[in-house]
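Letter by letter, the chains look like this.
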Amino acid sequence: MTDAISSILSQIRAHEMRMRGPDAAPGNAIAPSALAPGAVAGGAAAPGFQQTLNNAIDSVSRAQNTSGALQQAFEMGDPRADLARVMVAMQQSSVAFRATVEVRNRLVQAYQDVMNMPV
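Source: prediction; values computed, not measured.

Caption draft 1: Local environment of the overall build of the protein chain. Per the secondary structure count, the protein chain includes four helices and zero strands. Counting across all 119 residues of the protein chain, residues that qualify as buried make up 9%. Contacts spanning at least 24 positions in sequence make up 32% of the contacts within the protein chain whose residues lie at least 6 apart.

This is how it looks when you write it as structure tokens:
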């Protein structure tokens, strides 16, 4: 279980570094943008948690819609929708959905942990 958690954390960190760009602060260093909310070196505001979550959910929705459209095209006999593309699209949407559900479960658990803390 700890290997799975470590793997997920490393994937999140890698994604975070890709989102920040090549001039990002390494490791757990605090980026200058974290010190002043809404202020980023480039002048553009970094997306907040809500925006990031909305983008992730939209991405999952698009993957599911694409998978459904490819599946329907294959069933209708469209020659451009071969079985391999349909299966890959279905697996991508399935993995994206399962990851989203897992993130939701972790957020709910974190919320419950915080709410159960003694004051």
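Caption draft 2: How the structure looks around helix 3 (residues 49-76). In this model helix 3 runs 41 Å from its N-terminal to its C-terminal C-alpha over 28 residues, within 8% of the 40 Å that 1.5 Å per residue would give. All buried positions along helix 3 are accounted for by Val60, Ser67, Leu70 and Ala73. As for helix 3, its buried residues are in contact with helix 4 (83-115).

Rules of the game
Residues numbered from 1 in each chain as written. Predicted model: local features only at pLDDT ≥ 70, side-chain atom pairs only at ≥ 80, totals over all residues. Heavy atoms only, no water. Helix = DSSP H or I, 4+ residues; strand = E, 2+ residues; numbered from the N terminus. Buried < 20%, exposed > 50% of the residue type's maximum accessible area, 1.4 Å probe, protein only. Contact = heavy atoms within 4.5 Å. Expected span 1.5 Å × (residues − 1).

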